[in-house]
Amino acid sequence: MAFQKAAGIKFKNPELLNLAFVHRSVSNEAGGVSGMGLPSAEFLPGLRLNNERLEFLGDSILGAITATLLYSDFSDKSEGDLAKIKAVVVSEEALSGIARELQIDGLLLLGKGEDRSGGRGKKAILADAFEALIGALYLDSGYRAASSFVSPHIRAEIRRVLEKNYYRDYKSLLQELCQHEFHSYPEYRLVKRSGPEHERFFWMEVTVQGKVFGPGMGRNKKTAEQEAARMAFEALGSESPA
């Protein structure tokens, strides 16, 4: 009840709220989640009781809410700019920060091994739990309640992104996009370098899911990687749904 009051939400079915904070490491261990106030086997027949399915649902709900906010609040920005901002706002880095602000780290139910290894501080686990919470709230109270809860947090992240001009860091954007969409990382490769020491140029390519983008060119590897990342991000961003 204290968490719901602090977060400004109210669940009709507290079992869904509890389930949002159960990491898969719990259901993998002997004894499972019995006695934790979670849905019964009749409620979710044949399924391990953890937050992975809620996280899957919450990810989509979060994407829709974020896209709607960006579309409504920034009529002056192009589709490309909106996609870049969205990629950072729904990133693991941003969502884990929101989860910490809500003190979700203290509510997580982890297996003993995961807890001992510092699972409460892992960004991926925190971000997934926040998305699971969104999915649980959506199932419990509908889209409007989920949007009312999420929107203030996302608007705050959008402000931070715009203030830092962070959405122009294409390497970070591309990495977040790859993690979110493909669960993989971009790979950079030096194609060639030319010129004398004081006037050297570098050409870098980046590979995403077997597809090569670039080369980007720059006076150092970092600049060339940024240019290659820009090419990849803009191409992939135009292919992905908002």
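Bear in mind that the values here come from a model prediction, so they are computed numbers and not experimental data. (Residues numbered from 1 in each chain as written. Predicted model: local features only at pLDDT ≥ 70, side-chain atom pairs only at ≥ 80, totals over all residues. Heavy atoms only, no water.)

Chemist: I'd like a description of the overall build of the protein, backed by residues and values.
Modeler: Across its full length, the protein carries 11 helices and three strands. Along the chain direction, N to C, the helices and strands of the protein fall in the order α-α-α-α-α-α-α-α-α-α-β-β-β-α. Within the protein, buried positions represent 44% of all 242 residues. Across the protein, every contact between residues at least 6 apart in sequence was considered, and the portion connecting residues at least 24 apart equals 57%. Summing over all exposed atoms, the protein offers an accessible surface of approximately 12900 Å²; the carbon and sulfur share of this is 51%. (Helix = DSSP H or I, 4+ residues; strand = E, 2+ residues; numbered from the N terminus. Buried < 20%, exposed > 50% of the residue type's maximum accessible area, 1.4 Å probe, protein only. Contact = heavy atoms within 4.5 Å. Areas by Shrake-Rupley, 256 points an atom, 1.4 Å probe, with all protein chains shown as cover.)

Chemist: Could you give an account of the packing of aromatic side chains, naming the residues involved and the relevant values?
Modeler: For the coordinates displayed, the defined rule picks out three aromatic pairs. Judged by centre distance (6.1 Å) and plane angle (50°), the ring pair of F130 and F149 falls under tilted. With F130 in helix α8 (residues 123-141) and F149 in helix α9 (residues 143-164), this residue pair connects regions lying 19 residues apart in the sequence. Note that K171 overlies the ring of Y188, its terminal NZ or CZ placed 4.9 Å from the centroid. It is K192 that lies over the ring of W203; its NZ or CZ is 4.4 Å from the centre. (Phe/Tyr/Trp six-rings, centres within 6.5 Å; stacked < 30°, edge-to-face > 60°. Lys NZ or Arg CZ within 6 Å of the ring centre and 35° of its normal.)

Chemist: Tell me about the nonpolar core, residues and numbers included.
Modeler: The tendency in soluble globular proteins is for nonpolar side chains to be buried side by side. F3, I104, F130, L133, F149 and L174 are the most contacted members of the largest nonpolar core, which has 59 residues in total. Here this core gets 10 residues from one element, more than from any other, and that element is α8. Every residue in contact with I104, bar those within four places of it in the chain, is listed here: F3, F21, A99, A129, F130 and L133. (Core = buried A, V, L, I, M, F, W, Y, C linked by side-chain atoms within 4.5 Å.)

Chemist: Any details on the confidence of the model for the protein? Residues and values, ideally.
Modeler: When pLDDT is averaged along the protein, the result is 86, and 88% of the positions lie at 70 or above. Of the regions scoring below 50 in pLDDT, residues 30-47 engages in 22 contacts with residues more than four places distant in sequence or in other chains. (pLDDT = per-residue confidence, 0-100.)

Chemist: With reference to specific residues and values, describe the pairing of strand β2 (residues 201-208).
Modeler: With six of eight residues buried, β2 lies mostly within the body of the structure. Bridge analysis of strand β1 (residues 187-194) against β2 gives seven bridges, and the strand direction is antiparallel. Of the residues in β2, the one forming a bridge with Y188 is V206. Sheet analysis places β2 next to strand β3 (residues 211-218), joined by six bridges and oriented antiparallel. Directly across from W203, in β3, lies its bridge partner M217. Taken together, β2 and the strand that follows it, β3, pair antiparallel across an intervening segment of two residues, in which Q209 is found at a positive phi of about 55°. (Pairing = 2+ DSSP bridges.)

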